[in-house]
Amino acid sequence: ELSGGVEVLYHDGFHPGQAATLAGSCDAAVVVVGFTGRDEGESIPYMKGVGGDREDLSLRPRDIALIEAVAEATDRCLVVVEAGSAFLTSGWRDKVGAILVAWYPGMEGGRALAEILFGEVNPSGKLPVTFPEDNTQPPPFDKRAESVEYGYYHGYRLFDREGMRPAYPFGFGLSYTRYEYSDLRLSAFCMDEEGEITVEADVANRGERSGEEVAQLYVSCPATAVDRPPKELKGFARVRLESGEKKTVSFRLRAADL
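On a predicted model such as this, the values are computed, not experimentally measured, just so you know.

Asker: Would you mind showing me how to read the layout of surface pockets here?
Answerer: To find leftover empty space, one rolls a probe the size of a water molecule over the atoms. Its volume calculated, the largest pocket comes out at about 1,500 Å³. Surrounding the largest pocket, 38 residues form its lining, L9, A29, V30, V31 and V32 being those nearest its centre. When residues of the lining of the largest pocket are traced back to their parent elements, those giving at least two are α1 (16–24), β1 (29–34), α2 (61–73), β2 (77–82) and α3 (109–117). Of all the elements, β1 adds the most residues to the lining of the largest pocket, at six residues. A volume near 1,000 Å³ is recorded for the second largest pocket. Lining the second largest pocket are 41 residues, with I99, L100, V101, P123 and L174 sitting closest to its centre. Elements with a contribution of two residues or more to the lining of the second largest pocket: β2, β3 (98–101) and α3. Sort the elements by how many residues they give to the lining of the second largest pocket and α3 lands first, with six residues. Of the residues contributing to the lining of the second largest pocket, the split by class is 23 nonpolar, 10 polar and eight charged.

Asker: Would you mind showing me how to read the packing of aromatic side chains here?
Answerer: Two numbers describe a pair of aromatic rings. These are the distance of the centres and the angle of the planes. Under the defined criterion, the tally for this structure stands at six aromatic pairs. Measuring from centroid to centroid gives 5.2 Å for Y152 and Y153, while their planes differ by 85°, and the two rings are edge-to-face. Residue classification places Y153 among the buried positions, given a relative accessible area of 11%. With a centroid separation of 5.3 Å and an interplanar angle of 40°, the aromatic rings of Y168 and F172 are classed as tilted. A residue is classified by how much of its surface remains accessible, and F172, at 31% relative accessible area, is partly exposed. Through a chain of ring-to-ring contacts, the aromatic side chains of F87, W103 and F131 assemble into a single cluster. Geometry around F35 places R54 over its ring, the cationic atom sitting 4.2 Å from the centre.

Asker: Is there a simple way to explain the side chain of T89 in this structure?
Answerer: Along the polypeptide, T89 turns up in the loop between β2 and β3. Given a relative accessible area of 1%, T89 falls into the buried group. Separated by 2.9 Å, the side chains of T89 and R93 make a polar contact. The contact partners of T89, leaving out residues within four places of it in the chain, are I99, A167 and Y168.

Asker: Even after reading the chapter, I still don't get the sheet that holds strand β5 (residues 196–205), so can you show me in this structure?
Answerer: Sheet strands line up and pair through hydrogen bonds in the backbone, either parallel or antiparallel. Across the sheet, three strands lie side by side as β4-β5-β8; this open sheet has antiparallel pairing. Pairing within the sheet leaves two strands with one partner each, and these edge strands are β4 (179–186) and β8 (246–254). Within this sheet the neighbouring strands show an average axis-to-axis angle of 25°, counted without direction. As judged from the nine bridges shared by β5 and β8, these two strands associate in the antiparallel manner. Considered in β8, the bridge of E196 is made with R254.

Asker: Help me out: how do you make sense of the sheet that holds β1 in this one?
Answerer: With parallel pairing, three strands are arranged side by side in an open sheet as β1-β2-β3. Looking at the sheet topology across the chains shown, the edges are occupied by β1 and β3. Ignoring which end each strand starts from, the neighbouring axes of this sheet average 20° apart. Across four bridges, β2 lies against β3 in parallel orientation. Within β3, the position partnered with V81 by the bridge is V101. With respect to the sheet, α3 is in contact with β1, β2 and β3, its orientation differing from that of β3 by roughly 150°.

Asker: Just to check I follow, could you spell out the packing of α1 against α2 for this structure?
Answerer: Relative to each other, α1 and α2 sit at 30°, their axes nearing to 8 Å. As judged from the angle between their axes, α1 and α2 are roughly parallel. With respect to the hand of their crossing, α1 and α2 are arranged in right-handed fashion. Along its contact with α1, which presents P16, A19, A20, A23 and G24, the element α2 presents A65, L66, A69, V70 and A73. Taken together, the residues that form the contact of α1 with α2 break down as nine nonpolar, one polar and no charged.

What counts as what
Chains are numbered independently. Their residues run from 1 in the order of the written sequence. Thresholds applied to this predicted model are a pLDDT of at least 70 for local features of residues and 80 or more for the giving and counting of side-chain atom pairs; totals over whole chains, interfaces and linings are not thresholded and use all residues. For the side-chain quantities, the full set of heavy atoms in the structure was used; hydrogens and water were omitted. Buriedness for pockets is judged along seven lines, at least five of which must meet protein on both sides within 12 Å for an open set on the 1 Å grid over protein atoms alone, while cavities are sets there where a 1.4 Å probe fits but cannot get out, and lining residues have an atom within 4 Å of a point. Grid points are joined across faces, edges and corners, and a volume is the space filled by probe spheres set on the points. Helix numbers and strand numbers start at the N terminus; a helix is a DSSP run of H or I with at least 4 residues, a strand a run of E with at least 2. Three categories are distinguished: nonpolar for Ala, Val, Leu, Ile, Met, Phe, Trp, Tyr, Cys and Pro, charged for Asp, Glu, Lys and Arg, and polar for the others, with Gly belonging to the last. Between the rings of Phe, Tyr and Trp (Trp by its six-membered ring), a pair exists once the centres lie within 6.5 Å; its type follows the angle of the planes, with under 30 degrees stacked, over 60 edge-to-face, and the other angles tilted. For every residue, the accessible area (1.4 Å probe, protein chains only) is compared with the maximum for its type, and the residue is labelled buried under 20%, exposed over 50%, or partly exposed between those bounds. In our convention, an over-ring charge means Lys NZ or Arg CZ found within 6 Å of a ring centre and within 35 degrees of that ring's normal. The term polar contact refers here to a pair of N or O atoms within 3.5 Å; inside protein, the definition further demands a hydrogen-donor-capable atom paired with an acceptor-capable atom, and it admits residues adjacent in sequence only when both atoms are side-chain atoms. Any two residues whose heavy atoms approach within 4.5 Å at even a single point are treated as in contact. Two strands qualify as a pair provided DSSP detects at least 2 bridges between them. Note on geometry: axes are lines fitted to C-alpha atoms, helical ones only across the stretch in contact, with angles between N-to-C directions running from 0 to 180 degrees. Any angle that falls under 35 degrees is termed roughly parallel, while one over 145 is termed roughly antiparallel, one within 65 to 115 roughly perpendicular, and all others oblique. What makes a crossing left-handed is the near helix being turned counterclockwise from the far one by less than a right angle; a clockwise turn instead makes it right-handed.

These figures capture arrangement, not role.
Dropping the structure here:
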């Protein structure tokens, strides 16, 4: 329910040209695209072609056509994508103002989406997977294979090791404010094999909006003789900060984590 003279106009998107014409007459456009359980997830044996794994990480051609048509008609185009995993954004992401990943939000997803779009809630989510730039970056995939063997490296560890630049890295996420990190410190510089230390850092909200930041702790072992990933996530902490506020985030790091 909106107030203040705000009017929402809807188009089903089946005719991109018509949707673009409507979008051009509005102050802003929200394009909702993506997938359903019929496209990805558990396959349904008695329904051929329903469910299962996607063979391509691209959006549907009709979704891309809709995005491009609307983005051509307005400078204020936001794309909302419903999906269960990563998808490709190359070719159209530079044409839109923002991309919001809704995943599969459930029955209250519409309300949550509206609260974010109208600024009642400051988004704070971080990507739990790596979003590749194209289909060639992830390991080869054959959904019809009866068996497959993958190496030790996958996800962000593989991207880091191979020096590949993803579209959006693991742990990425924006908000309506800006956070600044400073003064990383350790409670000790060595520990025994059963020990642990505390890792702390200060996080400040330098924007004008209150929000929540998800701080992430990564470790690396550059001098080890054993083959190790360039970095690994070992902890994360959510902290709420008002505009101008600064707080300390703390992580427990055990020897076993190294």
